[in-house]
Amino acid sequence: MRVQKSVYHMTDRELRLYKRQLRRRLQMQRRILTMIATVCVIIFCAVSYQGIRSLASSGEEQVKFKYYTQVTLAYGETLWDLSEDYIDYEEYKDKKEYIDEVQSINHLAEEDSICAGQTLIVPYYSYEFVK
């Protein structure tokens, strides 16, 4: 086993050799750390990509968009009839909740009557995105 001399007791030649060895050791450590970091980033990207791909291909996470359309009432048509055509039970618990929203959008009080030819705005949901 070789005993290391103190830096203060080294000759110039020994000191240069010692510094060179230290630089080489530090360079090697940096290279190893860089390789480890690169491998970690590659693994992280691969795992993330697989997760995103599986979500996209599963089709379970479809986004539903809310739209509004203009409807002209026919003779004898009621808000209950409209709700049958446009309600989405995944978004509304019942027809009453949907009708309340239609009344709110169109500024109708519960006692307001609607008549044939009247135009109302009604919400509906779709998986298709319309620009």
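Rules of the game
- In this convention, every chain numbers its residues from 1, walking through the sequence in written order.
- Under the rules for a predicted model, residues below a pLDDT of 70 receive no local features and side-chain atom pairs below 80 are neither given nor counted, while totals for whole chains, interfaces and linings still include all residues.
- Side-chain numbers here rest on the full set of heavy atoms in the structure, without hydrogens or water.
- Like charges are joined within 9 Å and nonpolar side chains (Val, Leu, Ile, Met, Phe, Trp, Tyr) within 5 Å, but only among residues with over 30% relative accessible area and no salt bridge; these make up the patches.
- For the accessible areas, the method is Shrake-Rupley and the probe is 1.4 Å, while residue cover comes only from the protein chains on display.
- Here a salt bridge means any side-chain nitrogen of Lys or Arg lying within 4 Å of a carboxyl oxygen belonging to Asp or Glu.
- Only four residue types enter the tally: Lys and Arg on the positive side, Asp and Glu on the negative side; His and the chain ends are excluded.
- Charge positions are represented by NZ for Lys, CZ for Arg, CG for Asp and CD for Glu.
- By the criteria applied, helices consist of DSSP H or I runs no shorter than four residues and strands consist of E runs no shorter than two, each listed in order from the N terminus.
- Residue exposure (1.4 Å probe, protein chains only): buried if accessible area is under 20% of the type maximum, exposed if over 50%, otherwise partly exposed.
- Take the buried residues of types Ala, Val, Leu, Ile, Met, Phe, Trp, Tyr and Cys, join any two whose side-chain atoms come within 4.5 Å, and each joined set is a nonpolar core.
- Whether two residues are in contact is decided by their heavy atoms: any pair within 4.5 Å suffices.
- Pairs of N or O atoms within 3.5 Å make up the polar contacts considered here, provided that, within protein, one atom can donate a hydrogen while the other can accept it, and that residues adjacent in sequence are counted only when both atoms are side-chain atoms.

### A few points about a positive patch on the surface
Residues Arg 13, Arg 16, Lys 19, Arg 20, Arg 23 and Arg 24 make up a contiguous surface patch of positive charge. Tracing the chain through its elements places Arg 20 in helix H1 (residues 12–58). Exposure remark for Arg 20: the relative accessible area of 37% places this residue in the partly exposed category.

### Here's the deal with a nonpolar patch on the surface
Taken together, Met 28, Ile 32, Leu 33, Met 35 and Ile 36 make up a surface patch of nonpolar side chains, about 500 Å² in accessible area. By secondary structure assignment, the location of Met 35 is in helix H1. A residue is classified by how much of its surface remains accessible, and Met 35, at 52% relative accessible area, is exposed.

### Looking at the nonpolar core
Counting residues in each nonpolar core, the largest one holds 12 residues, listed as Val 71, Leu 73, Leu 79, Leu 82, Ile 87, Tyr 92, Tyr 98, Ile 99, Val 102, Leu 108, Leu 120 and Val 122. At the level of secondary structure, the elements contributing two or more residues to this core comprise helix H2 (79–86), helix H3 (95–105) and strand S2 (119–126). Element by element, the count of residues in this core is highest for H3, at 3 residues. Beyond its immediate stretch of four places on either side in the chain, Leu 82 contacts Val 71, Leu 73, Glu 77, Leu 120 and Val 122.

### Regarding the side chain of Ser 126
With respect to the element layout, Ser 126 can be found in strand S2. Overall, Ser 126 belongs to the buried group, its relative accessible area being 19%. A distance of 3.1 Å separates a polar atom in the side chain of Ser 126 from the backbone nitrogen of Glu 128. Apart from the residues lying within four places of it in its own chain, the contact partners of Ser 126 are Val 63, Lys 64, Phe 65 and Tyr 67.

### Notes on unusual backbone geometry
Phi is positive for His 107, close to 55°, though the residue is something other than glycine. Topologically, His 107 is positioned in the loop between H3 and S2.

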